[in-house]
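Listed below, chain by chain, are the residues.
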Amino acid sequence: MTIPYGRHSISPADRDAVLEVLNSDFLTQGPMIPRFEQALADYCKSQYAIVTTNATAALHIACLALDVGPGDLVWTSPITFVASANCALYCGAEVDFVDIDPNSYNMSVSSLANKLAAAKVANRLPKVVIPVHLCGQPCEMQEIYALSLQYGFRIIEDASHAIGGLYKNAPIGNCAYSDITIFSFHPVKIITTGEGGAALTNDLKLAKRLTSLRSHGITRDAAEMTHPSEGPWYYQQLELGFNYRMTDLQAALGLSQLQRLDAVVARRHVLAQRYNELFASINIKQPWQHPDSYSGMHLYIIRLLDAHKSYHRRVFENLREAEIGVNLHYIPVYRQPYYARLGFNPEDFPEAEKYGISAITLPLYPELTDTQQVHIANSVLRAINE
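Now for a look at the structure at hand.

Each value, and the rule that gives it
Residues numbered from 1 in each chain as written. Predicted model: local features only at pLDDT ≥ 70, side-chain atom pairs only at ≥ 80, totals over all residues. Heavy atoms only, no water. Helix = DSSP H or I, 4+ residues; strand = E, 2+ residues; numbered from the N terminus. Buried < 20%, exposed > 50% of the residue type's maximum accessible area, 1.4 Å probe, protein only. Polar contact = N/O pair within 3.5 Å; in protein donor to acceptor, adjacent residues only side chain to side chain. Contact = heavy atoms within 4.5 Å. Salt bridge = Lys/Arg side-chain N within 4 Å of Asp/Glu carboxyl O. Axes fitted to C-alpha atoms, helices over the stretch in contact; angles between N-to-C directions. Parallel < 35°, antiparallel > 145°, perpendicular 65-115°, else oblique. Left-handed = near helix turned anticlockwise from the far one by under 90°. Nonpolar A, V, L, I, M, F, W, Y, C, P; charged D, E, K, R; others polar.

Here's the deal with the side chain of S77
Step number 1: Relative to the assigned elements, S77 resides in the loop between β2 (73-76) and α4 (83-90).
Step number 2: Take S77: its relative accessible area is 1%, and that puts it in the buried class.
Step number 3: Reaching out from S77, the side chain makes a polar contact with the backbone nitrogen of I79 at a distance of 3.1 Å.
Step number 4: Sequence-distant contacts of S77, that is, excluding residues within four places in its chain, are made with F97, V98, I100, M107, I130 and V132.

Here you go:
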């Protein structure tokens, strides 16, 4: 059978946690959601966690909570899933991209600084910047935060790949260098709730806004209402929100998975190190790890040397033929037809362009075996030499 690039890991304890909810009085909005939120906040050392249906929803309401709207500009990385950019468009804002660092594949701090300086002259600075922690490796958030103080933008960390990682010995998600941090709990991510996401923050006002936006903009809190409550049944819709709520079933699974998060990330590091050893004599570029970080290790991405489109495709297809479920994370967002129609010039992002024709994601998940890794390494060697 094909070895997938990622796979969920479900334990007996996970099944028991979900079954307990199925046998309870609450399937949707019950006690497991606040328990999971508190556990996330405690783990990440943030003040607040708000769970959602998925990370895309969390990104959307994060932008809204920061008052992103028509006439605003949001910048993100071009090497990410489209949701990192789409969330700004949902709010009526415009999107632009900052080229990536050639080693980490995250947003380049030097490219960001240069782009900000030019944008200040043009009076077109971003309202929000969304750095993306690709593969689980955190961006250089301290430097990005310093630029935010200089140029006045807000920061949403797209840490969809990064729960369980560390930046400067502190948990990713503590929001020391951002307004809001986003996690994803999709089945191929580090821990899962089936589908699911979360927004973490240290700002009480933002936390309340995020909570309101995920649930139709409705409140039952009399202190927030425009006039006194009319009775115990009474609620008010104060703004246009959404149904982005996680269920108790999902929260129970997430809470159970969170208990073994550190072990899962450690296992991913063991597998990544084994890949490094297997590829030591193979003519490819292995992933680079920043010395100030401990990656969540969501993805293991190799780069082909002296790559071009036809070579990249041939190697990719040869690996698929060997029943290895390789993938590309990601096609540069500005090359998607929807974004291409907005007028982006690929020549503005030379590092992203090089990445898009050389990167290949190899399988990485806790149950990956030594035998499978050897097969993958041998298949890579054959594919690049054919």
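Now, onward.
What to know about the pattern of salt bridges
Step number 1: Tallying each qualifying case throughout the model produces 13 salt bridges.
Step number 2: A salt bridge links D67 to R209; the nearest nitrogen and oxygen atoms lie 3.1 Å apart. Highlighted residues: D67 in the loop between α3 (55-65) and β2 and R209 in helix α7 (residues 204-213), separated in sequence by 142 residues.
Step number 3: Classification of R209 as partly exposed rests on a relative accessible area of 25%.
Step number 4: With a closest N to O distance of 3.1 Å, D96 and K115 form a salt bridge.

Observations regarding the packing of α3 against α4
Step number 1: One way to put it is that α3 packs onto α4 with a least axis distance of 8 Å and a crossing angle of 45°. Of the possible angle classes, the one that applies to α3 and α4 is oblique. The two elements α3 and α4 cross, and the hand of that crossing is right-handed. In this structure, α3 uses T56, L59, H60 and C63 to contact α4, whose residues at the interface are A83, S84, C87, A88 and Y90.
Step number 2: Partitioned by chemical class, the residues of the contact of α3 with α4 number 6 nonpolar, 3 polar and no charged.

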